[in-house]
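One letter stands for each residue in the lines below.
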Amino acid sequence: MSGINRFGKSDLFAPTTRKPLDSANKGNTASEVSEVEKVMVMLTSRQLNALDQICLEIRQATGIKVKRSLLIRSLIDGFLQTPHNFSDARSLADISSRISKAFRFPSKAASRGA
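A brief look at the structure comes next. (Residues numbered from 1 in each chain as written. Predicted model: local features only at pLDDT ≥ 70, side-chain atom pairs only at ≥ 80, totals over all residues. Heavy atoms only, no water.)

1. Things to note about the packing of helix H2 (residues 45-62) against helix H3 (residues 68-80)
1) Next: Between H2 and H3, the least distance of the axes is 10 Å, while the angle of their chain directions is 105°. What the angle tells us is that H2 and H3 run roughly perpendicular. Contact residues: Leu 48, Leu 51, Asp 52, Ile 54, Cys 55 and Ile 58 in H2; Arg 68, Leu 71 and Ile 72 in H3.
2) Next: Of the residues in the contact of H2 with H3, the class split is 7 nonpolar, no polar and 2 charged. (Axes fitted to C-alpha atoms, helices over the stretch in contact; angles between N-to-C directions. Helix = DSSP H or I, 4+ residues; strand = E, 2+ residues; numbered from the N terminus. Parallel < 35°, antiparallel > 145°, perpendicular 65-115°, else oblique. Contact = heavy atoms within 4.5 Å. Nonpolar A, V, L, I, M, F, W, Y, C, P; charged D, E, K, R; others polar.)

2. Some remarks on the pattern of salt bridges
1) Next: Going through the model one piece at a time under the given rule, you end up with 3 salt bridges.
2) Next: Among the salt bridges present, the one from Asp 52 reaches Arg 68, with a minimum N-O distance of 2.6 Å. Of this pair, Asp 52 sits in helix H2 while Arg 68 is found in helix H3, placing the two residues 16 residues apart along the sequence.
3) Next: Residue Asp 94 pairs with Arg 98 through a salt bridge whose shortest N-O separation is 3.1 Å. In this pair, Asp 94 and Arg 98 both sit in helix H4 (residues 92-102), 4 residues apart, roughly one turn of the helix.
4) Next: Exposure remark for Asp 94: the relative accessible area of 23% places this residue in the partly exposed category.
5) Next: The class for Arg 98 is partly exposed, based on a relative accessible area of 26%. (Salt bridge = Lys/Arg side-chain N within 4 Å of Asp/Glu carboxyl O. Buried < 20%, exposed > 50% of the residue type's maximum accessible area, 1.4 Å probe, protein only.)

3. Looking at the packing of aromatic side chains
1) Next: In the structure shown here, the tally under the stated rule is 2 aromatic pairs.
2) Next: Between Phe 79 and Phe 86 the ring centres are 6.5 Å apart and the planes differ by 35°, which places this aromatic pair in the tilted class.
3) Next: By relative accessible area, Phe 86 is classed as partly exposed at 29%.
4) Next: Note on Phe 79 and Phe 103: the rings are 6.3 Å apart at their centroids and 35° apart in plane angle, and the pair reads as tilted. (Phe/Tyr/Trp six-rings, centres within 6.5 Å; stacked < 30°, edge-to-face > 60°.)

Next comes the structure, spelled out in C-alpha coordinates:
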(Lines give C-alpha, C1' and ligand atoms only; values in the text may rest on other atoms or scores of the structure.)
Protein backbone atom coordinates (compact mmCIF):
# COMPACT_ATOMS: atom_id res chain seq x y z
CA MET A 1 0.00 0.00 0.00
CA SER A 2 1.09 3.52 -0.66
CA GLY A 3 -0.11 4.93 2.66
CA ILE A 4 -2.75 7.07 0.92
CA ASN A 5 -6.43 6.28 1.49
CA ARG A 6 -9.16 6.45 -1.13
CA PHE A 7 -9.81 10.11 -0.28
CA GLY A 8 -6.23 11.07 -1.13
CA LYS A 9 -5.26 11.59 2.51
CA SER A 10 -2.47 9.93 4.43
CA ASP A 11 -3.65 6.58 5.81
CA LEU A 12 -3.09 6.59 9.57
CA PHE A 13 -3.16 2.79 9.73
CA ALA A 14 -0.87 2.07 6.77
CA PRO A 15 2.13 -0.12 7.54
CA THR A 16 5.20 1.92 8.34
CA THR A 17 8.66 1.37 6.98
CA ARG A 18 10.87 -0.36 9.48
CA LYS A 19 14.09 1.48 10.05
CA PRO A 20 17.29 -0.51 10.55
CA LEU A 21 18.83 -0.37 14.00
CA ASP A 22 21.68 2.08 14.21
CA SER A 23 23.76 3.93 16.76
CA ALA A 24 20.77 6.16 17.59
CA ASN A 25 19.26 3.19 19.44
CA LYS A 26 22.15 2.86 21.91
CA GLY A 27 20.98 2.60 25.50
CA ASN A 28 17.46 1.48 24.64
CA THR A 29 15.91 -1.51 26.38
CA ALA A 30 15.33 -4.82 24.63
CA SER A 31 11.64 -4.07 24.17
CA GLU A 32 12.46 -0.76 22.51
CA VAL A 33 15.22 -2.12 20.25
CA SER A 34 13.18 -4.99 18.80
CA GLU A 35 11.10 -4.21 15.75
CA VAL A 36 8.07 -2.15 16.65
CA GLU A 37 4.78 -1.47 14.90
CA LYS A 38 3.04 1.87 14.94
CA VAL A 39 -0.38 1.79 16.62
CA MET A 40 -2.77 4.42 17.84
CA VAL A 41 -3.92 4.22 21.46
CA MET A 42 -6.59 6.41 23.00
CA LEU A 43 -5.89 7.42 26.60
CA THR A 44 -7.84 9.47 29.09
CA SER A 45 -6.43 12.78 30.32
CA ARG A 46 -5.81 11.12 33.69
CA GLN A 47 -3.80 8.30 32.10
CA LEU A 48 -1.80 10.67 29.92
CA ASN A 49 -1.00 12.95 32.87
CA ALA A 50 0.05 9.93 34.95
CA LEU A 51 2.40 8.71 32.18
CA ASP A 52 3.91 12.17 31.86
CA GLN A 53 4.36 12.37 35.64
CA ILE A 54 6.16 9.01 35.71
CA CYS A 55 8.42 10.11 32.82
CA LEU A 56 9.22 13.31 34.72
CA GLU A 57 9.95 11.43 37.96
CA ILE A 58 12.30 9.06 36.13
CA ARG A 59 14.09 11.97 34.48
CA GLN A 60 14.45 13.87 37.77
CA ALA A 61 15.73 10.78 39.59
CA THR A 62 18.06 9.44 36.89
CA GLY A 63 18.61 12.12 34.29
CA ILE A 64 17.33 9.65 31.67
CA LYS A 65 14.60 10.85 29.33
CA VAL A 66 11.95 8.14 28.97
CA LYS A 67 9.22 8.26 26.34
CA ARG A 68 5.60 7.37 27.01
CA SER A 69 5.81 4.63 24.41
CA LEU A 70 8.57 2.88 26.37
CA LEU A 71 6.42 2.94 29.51
CA ILE A 72 3.43 1.55 27.63
CA ARG A 73 5.50 -1.24 26.02
CA SER A 74 7.03 -2.08 29.40
CA LEU A 75 3.59 -2.27 31.02
CA ILE A 76 2.41 -4.62 28.28
CA ASP A 77 5.54 -6.77 28.63
CA GLY A 78 5.01 -6.91 32.39
CA PHE A 79 1.39 -7.95 31.98
CA LEU A 80 2.29 -10.62 29.43
CA GLN A 81 4.60 -12.20 32.02
CA THR A 82 1.75 -12.65 34.51
CA PRO A 83 -0.66 -15.58 34.42
CA HIS A 84 -4.01 -14.55 33.04
CA ASN A 85 -7.23 -16.35 32.16
CA PHE A 86 -10.26 -14.57 30.77
CA SER A 87 -12.38 -17.62 29.94
CA ASP A 88 -14.91 -16.89 32.70
CA ALA A 89 -14.95 -13.08 32.34
CA ARG A 90 -18.48 -11.69 32.08
CA SER A 91 -17.96 -8.06 31.04
CA LEU A 92 -15.42 -5.50 29.85
CA ALA A 93 -15.33 -4.13 33.41
CA ASP A 94 -14.44 -7.63 34.67
CA ILE A 95 -11.64 -7.93 32.11
CA SER A 96 -10.32 -4.46 32.98
CA SER A 97 -10.39 -5.31 36.68
CA ARG A 98 -8.44 -8.53 36.11
CA ILE A 99 -5.79 -6.72 34.08
CA SER A 100 -5.42 -4.09 36.83
CA LYS A 101 -5.12 -6.78 39.50
CA ALA A 102 -2.26 -8.41 37.56
CA PHE A 103 -0.13 -5.38 38.49
CA ARG A 104 -1.03 -5.28 42.17
CA PHE A 105 1.41 -6.64 44.68
CA PRO A 106 0.28 -7.99 48.03
CA SER A 107 0.58 -5.44 50.81
CA LYS A 108 3.37 -5.94 53.33
CA ALA A 109 0.80 -6.65 56.03
CA ALA A 110 -0.84 -9.36 53.89
CA SER A 111 2.49 -10.98 53.07
CA ARG A 112 3.36 -11.16 56.82
CA GLY A 113 0.08 -12.87 57.54
CA ALA A 114 -1.44 -9.88 59.38
